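Working through the structure, step by step
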Amino acid sequence: MFGEHPLLRSDFVDALLKHYGQGREYLCVLRRSGIAEAMCVLAPREPGLWASFLPAQAQLGPALIRHPDQLNGLIRALPGFVGELDFLCNDPEFGSLASNGPDTDLVDHSLTMNIDLQGDFASYWAGRPKKLIQNIERYRRRETVDHLEQRFVEITEPAEMNAAVSRYGVLEAEGWKGQHGTAVGSDERQESFYQEVMVRFAKAKRAIVFELWFGEELAASRLAIADEHMLVMLKTTYHEKFAAYAPGRLLLRLAIERAFETQAGGRIEFYTDATQDQLAWATGQRWIQHVSFYRNRPIQVALSTLRRSRQVIGINKRAPESDSRHEVRVFKHPDEFTPELRRFFGSAESIGIQLGHDWYKNLIDTVFPKHPGVQIFVLYRDGTPVAALPLLTTRRRLAARIASLSNYYTALFAPVIRPGMKAYDLVPLLKAVRRAHPGFDSMSLAPMDPNTLAYRMLLNAMSGAGLMPFRYYCFGNWYLKVESDWKNYLLSRKGKQRNTISRMTKKLATDGGRLELISVEDLERGLSAYEDVYAASWKKGEPHQEFIPGLLRTCARRGWLRLGIAWLDGKAIAAQIWIVAYGKADIYKVAYDEAYKAYSPGTLLTAMLMQHVMEVDKVAEVDYLIGDDPYKETWMSDRRERWGIIAYNPRSPLGLLGLIREVLWRSLKPLVARVRKLIGSLGRRASGAQATH
């Protein structure tokens, strides 16, 4: 898994320890049968807290750990009492430590980028955004017009490394980093570190310094280390005198072109917090993460609450920041959206249709038509929408509670976020919500996918906006990864299920019944049949009777609707609403008339629609949406969970009261569970003793 990752090699980590270690670092090794299976370098940071050894020169935390299970027992093996263990700058592609366990926290630290060196450079370059290609051509023409003689140099020999790093340091010290004292040339220890690293790697033919010269002047430089399949860009700088020619970009293009020759089939890793401009060069991107493990749940609650409290206090002490690039606009209804904003919401539909413009339009029109608390907050950057948060505010006496614009019809909620956004980018949006509702006590957003970037971004952004957020469980969600055709899928089901489908198909047909997939032209007939079945089923009547008709008409118009009806003697006895969009089928509503339960009409409809979405729609996933009903497991392959976020406003009296109650409950919950388990065990023992007597 780790291969010969340059940043995880002993050469690199040893140099870090030599130049930046303080003598408090521990090498932790997991051994099984005498064989080392995992290791990491940790150091105490404050009482009760240990973290990865991570000086600023390290782009990754020094950890060779494949799975979080390998950390079991580590927190208790370290000297003294350890309540929290922070693994900093974890790359999920080289040992993911992310865990959804109750005693862990995850923070997305930086959005890194990479370039896969597959194929040739010409194909790679042709795939870059037009704007990037045009800019590079413009800089090159400017060089020619101004008669600058360009020279590209690669330095790989150990004897030349010290001088190359020194030249790099001088160049960096002349720029803004030199003014702030962070340049390689401004710090003797830092220059010595990079010289040692580059010499060590050069001796193994694993170091390269790329230089771009304009005549006799060094215009740009890059330090890189490598292995057989990976080139890691350590540092880059350029001479600000030549800023009009973008020498850093010109050098990067030359370095990439060279890497396609020398590292063919591998990749270039940047390990940086990439901007949108930088991502234009990339073929891939991912988040580098900080992962925190806690000794137990009460300690997690106490420490995370204390940390967020410090954030809130720090925010209160700072003056509000103004940014003319950002603006927040508030909409009451999707009909107010501009075409650009409609397209922005449309981009979210690929995740789930319940995040799009049409879903919210129907939800507001049929469920919240006159609700004064409907507000869709949209964050604009330079006039372009980059984030949106649909909310519903409810006021009762002294309380004002903000929630996601969702209800029991909603199986998935998420903010709409432009790719490349960071958690701190959402802070202005949440601050705008606070200004619109001063004194509100809490904000609850649900149901959400806890494994998504949007979920983690909201958690972190809420803390940055002065709120105190907590995660909570909503419901289980069963789904099917479609990995075969209908025939093989059916063969993979249990024999009892296959027999039921076979027998009941014959029985229904013999008795004059049939299954029908309603066409768009027959939508109103199908809707009437669905409503008849629903009224005769065990389910409660719809509290908002226009929602389902509105949803069906919307889905039919978009080509998403798959409405199945089971008929017997001209009477609808079962109905199912499936929504198919973007390669996914959602089983949204199912109902049958209990008087005809003997025909298993629900099972037959599910089988018919499952076959259709597999063979005709060619979906990649079928989703049963909400709940852990036992019958769902018989059709699906996997289970995941939907969670929510409850955030309290500590500046509101009711919000502070809710926060205190939340902290106490979360701290005491494990103890309550253990007491209940003990009481149950004692009760069973007593019952057993009485039976024996």
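Residues numbered from 1 in each chain as written. Predicted model: local features only at pLDDT ≥ 70, side-chain atom pairs only at ≥ 80, totals over all residues. Heavy atoms only, no water.

From N to C terminus, the protein chain includes 21 helices and 25 strands. Counting every position in the protein chain, which comprises 693 residues, the buried fraction comes to 52%. Contacts in the protein chain between residues at least 24 apart in sequence constitute 76% of all its contacts with a sequence separation of at least 6. Of the roughly 33200 Å² of accessible surface on the protein chain, a fraction of 52% belongs to carbon and sulfur atoms. The protein chain carries 92 positive and 78 negative side-chain charges, and their two centres are separated by 7 Å. (Helix = DSSP H or I, 4+ residues; strand = E, 2+ residues; numbered from the N terminus. Buried < 20%, exposed > 50% of the residue type's maximum accessible area, 1.4 Å probe, protein only. Contact = heavy atoms within 4.5 Å. Areas by Shrake-Rupley, 256 points an atom, 1.4 Å probe, with all protein chains shown as cover. Lys, Arg positive; Asp, Glu negative; His and termini not counted. Charge placed at Lys NZ, Arg CZ, Asp CG, Glu CD.)

Under the criterion given, the structure shown has 47 salt bridges. Between R140 and E137 there is a salt bridge; the shortest N-O distance is 3.5 Å. Remark: E137 and R140 occur in helix α4 (residues 130-145); sequence separation between them is three residues, near one turn of the helix. Salt bridges sharing partners connect three or more residues here, namely D91, E93, D116, R267, E269 and R286. (Salt bridge = Lys/Arg side-chain N within 4 Å of Asp/Glu carboxyl O.)

Here we come to the pairing of strand β5 (residues 84-90). Of all seven residues making up β5, seven are buried, and the element is well covered by its neighbours. Relative to β5, strand β3 (residues 49-52) runs parallel, the two sharing three bridges. Paired with A51 across the two strands is D86, which belongs to β5. (Pairing = 2+ DSSP bridges.)

This paragraph deals with the confidence of the model for the protein chain. Residues of the protein chain with pLDDT of at least 70 account for 94%, and the chain-wide mean is 91. Predicted confidence for residues 315-322 stays below pLDDT 50, and this span has five contacts to residues more than four positions away or in other chains. (pLDDT = per-residue confidence, 0-100.)

Glancing now at a nonpolar patch on the surface. Judged by side-chain polarity, L656, I660, L664, L668, L671, V675 and I679 come together as a nonpolar surface patch covering roughly 620 Å² of accessible area. Looking at where L664 falls in the secondary structure, it is placed in helix α21 (residues 653-692). (Patch = residues over 30% accessible without salt bridge, like charges linked within 9 Å, V, L, I, M, F, W, Y side chains within 5 Å.)

Moving on to the packing of aromatic side chains. Aromatic ring pairs are reported here in terms of the distance separating the ring centres and the angle at which the planes meet. In the structure shown here, the tally under the stated rule is 29 aromatic pairs. Ring geometry for Y26 versus W50: centroids 5.2 Å apart, planes at 70°, classification edge-to-face. Of this pair, Y26 sits in strand β1 (residues 26-32) while W50 sits in strand β3, and the two are 24 residues apart along the sequence. In this structure W50 comes out as buried when scored by relative accessible area, which is 6%. Taken together, a centroid distance of 6.4 Å and an interplanar angle of 90° make the contact between F344 and F345 edge-to-face. Using a relative accessible area of 10% as the deciding quantity, one classes F344 as buried. Judged by relative accessible area, which is 0%, F345 ranks as buried. Through a chain of ring-to-ring contacts, the aromatic side chains of F121, Y124, W125, F260 and W281 assemble into a single cluster. Sitting above the plane of the Y479 ring, R640 keeps its charged end 3.7 Å from the centroid. (Phe/Tyr/Trp six-rings, centres within 6.5 Å; stacked < 30°, edge-to-face > 60°. Lys NZ or Arg CZ within 6 Å of the ring centre and 35° of its normal.)

Taking 1.5 Å per residue as the helical rise, helix α7 (residues 188-203) with its 16 residues ought to reach 22 Å, and the 23 Å between its terminal C-alpha atoms agrees with that figure. Positive phi appears at K205, one or two residues downstream of α7, with a value of about 60°. (Expected span 1.5 Å × (residues − 1).)

Moving on: the side chain of E196. Position of E196 among the secondary structure elements: in helix α7. Reaching out from E196, the side chain makes a polar contact with the side chain of K18 at a distance of 3.1 Å. If sequence neighbours within four positions are ignored, E196 has contacts with K18 and H19. (Polar contact = N/O pair within 3.5 Å; in protein donor to acceptor, adjacent residues only side chain to side chain.)

Bringing the nonpolar core into the picture now. Core analysis: the largest hydrophobic core is formed by 81 residues, its most contacted members being F345, W359, M443, L445, F547, I577 and Y588. Not counting residues up to four positions away in its chain, the partners in contact with W359 are I353, Q354, Y409, T410, F547, L551 and Y588. Counting 39 residues, the second-largest nonpolar core is a separate cluster that includes L132, A226, F242 and F260. (Core = buried A, V, L, I, M, F, W, Y, C linked by side-chain atoms within 4.5 Å.)

Turning our eyes to something else, we now look at the side chain of S110. Tracing the sequence through the fold places S110 in strand β6 (residues 104-116). Relative accessible area serves as the criterion here: at 9%, S110 is assigned to the buried category.

So, about unusual backbone geometry. In this model, A446 is joined to P447 through a cis peptide bond whose omega is -10°. By the secondary structure assignment, P447 is in strand β18 (residues 442-448). The phi dihedral of A246 falls on the positive side, at around 45°, and the residue is not glycine. For A246, the location among the structural elements is in the loop between β10 (230-238) and α8 (247-262). One non-glycine residue with positive phi stands out, namely K618, at about 55°. Within the fold, K618 resides in the loop between α19 (601-615) and β24 (621-623).

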